[in-house]
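Structure assessment
So the chains spell out like this:
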Amino acid sequence: MKVYAINGSPRKNKNTATLLQKALDGVKDSVKDSEIETEIINLYDLNYTGCKSCFACKRLESKNYGKCAIKDDLQEVLEKVSQADGLIFGSPIYFSNITGQLQAFLERLLFPYLVYDKNHSSIAPKKMPTAFIYTMNVPQEFMEQLNYNLILNTLAAPIERIFTKPKVMYSNNTYQFDDYSKYKADAFSEEEKAAHRAKQFPLDCEKAYKIGTSLIQ
Ligand SMILES: Cc1cc2nc3c(=O)[nH]c(=O)nc-3n(C[C@H](O)[C@H](O)[C@H](O)COP(=O)(O)O)c2cc1C
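The name that an unreviewed UniProt entry assigns to the protein chain is NADPH-dependent FMN reductase, with the source organism given as Clostridium saccharoperbutylacetonicum N1-4(HMT).

Structure representation (C-alpha cells):
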C-alpha cells in the first residue's frame with residue numbers, strides 16, 4: 001500500500017510540510033500492514049506546467065485518452081499517484097487560494113479523469129481516500145468572514161467526484177518567520193503569534209495525525 005502527501009508549499013519543513021508529515025505518521029500507525037509506504041512529494045522540486053488545454057486526454061482513440069499527454073516532471077508522478085491507496089494534499093493559502101503550484105498539479109491530475117459526458121463521470125483507475133490540509137496566516141474568525149471555505153470547497157468538489165470527498169482541516173494564524181524581528185511585519189504581534197503557535201500548533205499536529213489515522217478504513 002502506498003499513501004502520498006502532496007506538498008503545495010515551497011517550504012519543506014514549515015507549517016504545511018509539518019502537518020503533512022504528521023498525517024503520514026497517522027497513516028503508518030493506523031494500518032497494521034507493515035508494507036504500507038508513505039512519501040511526501042514536494043511540488044516545488046519539480047518542473048512542470050498546468051494543463052495546456054491540448055485535449056489529448058479526451059480525444060477519441062488517442063493513446064493518451066484518460067491520461068495527461070504533457071511530458072515533463074509530472075508525467076511519472078501522475079502515473080504513480082493514480083495507483084495510490086490514499087492522497088493527502090497540503091497547501092498554504094496564497095491570496096485566498098491554494099498555491100499556483102498545487103493548482104497546476106490538480107489541473108493535470110484531475111482533468112484527464114473527468115469525462116465530458118452527461119454525468120461528468122470519472123475514469124480514474126482508483127477511488128482512493130483523500131484529505132486536504134490548509135495552512136494560513138489569518139485567524140479562524142477572519143477566515144470565516146472572508147469565506148475561505150467557500151473558495152476552498154469549490155476545489156473539494158472535483159476531488160470528490162473523481163476520487164472521494166476529502167477530509168479537510170485548516171491550520172490558522174500560522175507562524176511565518178523564524179524571527180519576526182528581522183522582517184517588516186508590524187501588522188502582527190509576534191507575542192500573540194508565538195503564544196498561538198505554542199498552544200494551537202501542537203493541537204493542529206494532533207488533528208493532522210488523526211486525519212491520517214482515519215484515512216484508510
Ligand atoms: C505569496 C503569499 C501569499 C499569502 N496569502 C495569504 C492569504 O491570502 N491569506 C492568508 O491567510 N495567508 C496568506 N499567506 C500566508 C501563508 O498562507 C501562511 O504563512 C502559511 O501557513 C505558510 O505555509 P508554509 O509555512 O507551509 O510555507 C501568504 C503567504 C505568501 C508567501
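Okay, back to it.
A short note on the environment of Val-138
As for its placement among the helices and strands, Val-138 is situated in the loop between strand E4 (130–135) and helix H4 (140–145). Residue class for Val-138 comes out buried when judged on its relative accessible area of 12%. Val-138 sits 50 residues away from Phe-188 along the chain, and the two C-alpha atoms are 10 Å apart. Apart from residues lying up to four places away in sequence, Val-138 is in contact with Met-143, Leu-146, Tyr-148, Asn-172 and Asn-173.

Things to note about the environment of Gly-212
Its place among the elements puts Gly-212 in helix H6 (residues 190–215). Between the C-alpha atom of Gly-212 and that of Ile-133, which follows or precedes it by 79 residues, the distance is 11 Å. Excluding residues within four positions of it along the chain, Gly-212 makes contact with Ala-23, Gly-26, Val-27 and Ser-30.

Let's talk about the site of the ligand
Close to the ligand lie 17 residues, the nearest being Asn-15, Thr-16, Ile-93, Thr-135 and Thr-174. Side-chain polar atom of Asn-15 to an oxygen atom of the ligand: 2.8 Å apart, as the coordinates give it. Taking Gln-176, its side chain carries an N or O atom lying 3.2 Å from an oxygen atom of the ligand. Computed on the free molecule, the ligand has an accessible area of 650 Å², of which 80% lies beneath the protein chains in the complex. Among the residues forming the shell around the ligand, the class breakdown is seven nonpolar, eight polar and two charged.

Rules used throughout
- Residues numbered from 1 in each chain as written.
- Predicted model: local features only at pLDDT ≥ 70, side-chain atom pairs only at ≥ 80, totals over all residues.
- Heavy atoms only, no water.
- Helix = DSSP H or I, 4+ residues; strand = E, 2+ residues; numbered from the N terminus.
- Buried < 20%, exposed > 50% of the residue type's maximum accessible area, 1.4 Å probe, protein only.
- Contact = heavy atoms within 4.5 Å.
- Near = heavy atom within 4 Å.
- Polar contact = N/O pair within 3.5 Å; in protein donor to acceptor, adjacent residues only side chain to side chain.
- Areas by Shrake-Rupley, 256 points an atom, 1.4 Å probe, with all protein chains shown as cover.
- Nonpolar A, V, L, I, M, F, W, Y, C, P; charged D, E, K, R; others polar.

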